[in-house]
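This is what each chain is made of:
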Amino acid sequence: MLNQTGFIIPDWPAPKNVRALVSTRSSLEQLRSTSTTLTGYDHFNLALHVNDDPQNVLRNRAQLAQHLAIQPNNIIWLEQVHGIDVLKIERNLINDSNIPIKADASISSVPSKVCTIMTADCLPVLFCNIPDQNNPQQIAAAHAGWRGLAKGILSNTLAQFSEPHNVIAWLGPAISQKNFEVGQEVYDTFISKNPANSTAFIPSLNSSTECPKWLASLTELAKIELSDAGVKAIYGGDWCTFKQEELFYSYRRDGAQSGRMASLIMLT
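Attention here is on the structure that accompanies the text. Since the structure is predicted, the reported quantities are computational estimates derived from the model, not experimental observations.

### Describing the sheet that holds strand S14 (residues 233-236)
Ordered by their spatial adjacency, 6 strands build an open sheet running S4-S6-S9-S8-S10-S14, and the pairing between neighbours is mixed. On the outer flanks of this sheet lie strand S4 (86-89) and S14, each paired with one strand and no other. Put simply, the sheet's adjacent strands are angled 20° from each other on average, direction ignored. Strands strand S8 (123-129), strand S9 (139-144), strand S10 (167-171) and S14 of the sheet are contacted by helix H5 (residues 218-228), whose axis makes an angle of about 175° with S10.

Below, the structure is given as structure tokens:
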């Protein structure tokens, strides 16, 4: 659901003390100053690594923290490297934008610490468990591009939960299958990992015998991995970053001069 302040609010049965949202290019428009003189970044870009003016990005991040009613250094920004490392957020961890931690997921049980993933076509996945008297509330966010999915980023994130089978997941905005063409090497990587992954691919109209091409569904690949890992409740996966240009940045659509959205989850 897109709310009045321009954030997507996941539609999933998370506990009441779990707050999750995804920024869009229309987030906090009422607070927007001139974001940048560079085209491509003027809609609430939250990434410092895409050649936007750093001061404008930091201003956007400060507005985001104000919207969440937390201190900016409680939003834990990662240096995402398409790997499988998961950062465990401790109470004394604070964000340092100048020295981000290399990881592609984070997990927390600390109130007001925000697990954060930046994307512009890759799939953000948010997690929370259903707590009981023996297991505390836990939340997590993972960055699932095709490389991370192939390596097992989602399974590795789930493994950090005390009871992985008691976890629900929400799939955020990502490039849709009809807009995500990949080569034979990507197809072969996933089929060798799990033959069931074949259901996430259809032949591209640009394919040929000499140069096979496929259309890949990141959301379907994620659902297969999550289901195999024991997750029974999977929600979301309905937004396309490539097609819905008014809402989302897309690296494949816009190239290197593309900003990033943030998918965030925290305990209140």
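### Overview of the sheet that holds strand S15 (residues 261-267)
Within a sheet, adjacent strands bond to each other through the backbone by hydrogen bonds, running parallel or antiparallel. A sheet is described by the order of its strands in space; here 4 strands give the open sequence S1-S15-S7-S2, paired in mixed fashion. If you trace the sheet from one side to the other, it starts and ends with strand S1 (18-22) and strand S2 (75-76), each paired once. Bridge count between strand S7 (residues 114-119) and S15: 5 bridges; the pairing is antiparallel. When the bridges of S15 are listed, Met118 appears paired with Ala262.

### Examining the pairing of S10
With 5 of its 5 residues buried, S10 lies for the most part within the structure. With burial as the criterion, each face of S10 is covered, one bearing Val167, Ala169 and Leu171 and the other bearing Ile168 and Trp170. With 5 bridges joining them, S8 and S10 adopt antiparallel strand pairing. Each bridged residue has a counterpart across the sheet, and for Asn129 the counterpart in S10 is Val167. Relative to S14, S10 runs parallel, the two sharing 4 bridges. When the sheet's bridge partners are listed, Ala169 is paired in S14 with Ile234.

### Let's talk about the nonpolar core
One finds Leu123, Val125, Phe127, Leu149, Leu154, Phe201 and Leu226 to be the most contacted residues of the largest nonpolar core, which totals 33 residues. Taken together, the elements giving at least two residues each to this core come down to strand S6 (105-108), S8, S9, helix H3 (153-158), S10, helix H4 (184-193), strand S13 (213-216) and H5. A per-element tally of this core places H5 first, with 4 residues. Setting aside its immediate chain neighbours within four residues, Leu149 contacts Ala144, Leu154, Phe190, Lys193, Leu218, Leu221, Ala222 and Glu225. Formed by 27 residues, the second largest nonpolar core is a distinct cluster that contains Trp12, Leu78, Trp170 and Leu267.

### So, the side chain of Ser106
Residue position: Ser106 is located in strand S6. Excluding residues that lie within four positions of it along the chain, Ser106 makes contacts with Leu78, Val86, Leu87, Ile89, Cys115, Thr116, Ile139, Ala140 and Ala141.

### Notes on the environment of Asn73
Turning to its location among the elements, Asn73 is positioned in the loop between helix H1 (54-68) and S2. C-alpha of Asn73 to C-alpha of Val57: the two residues are 16 residues apart in sequence and 14 Å apart in space. Residues contacting Asn73, with those up to four places away along its chain left out, are Ile94 and Asn95.

About the criteria used
- Residue numbering note: each chain is counted from 1, following its sequence as written.
- Two thresholds apply to this predicted model, a pLDDT of at least 70 for residue-level local features and 80 or more for giving and counting side-chain atom pairs, whereas whole-chain, interface and lining totals are computed over all residues.
- Neither water nor hydrogens contribute to the side-chain values; these are computed over all heavy atoms in the structure.
- Each pair of strands is called paired provided DSSP finds at least two bridges between the two strands.
- Each helix is a run of H or I in the DSSP string that is no shorter than four residues. Each strand is a run of E no shorter than two, and both are numbered from the N terminus.
- Geometry is summarised by axes, namely lines fitted to C-alpha atoms with helices restricted to the contacting stretch, and by angles between N-to-C directions that run from 0 to 180 degrees.
- A contact between two residues is defined here by any heavy atoms of the two lying within 4.5 Å.
- Relative accessibility thresholds used throughout: buried, under 20% of the residue-type maximum; exposed, over 50%; partly exposed, between the two (1.4 Å probe, protein chains only).
- The nonpolar core is taken to be a set of buried Ala, Val, Leu, Ile, Met, Phe, Trp, Tyr and Cys residues, with the residues joined through side-chain atoms within 4.5 Å.

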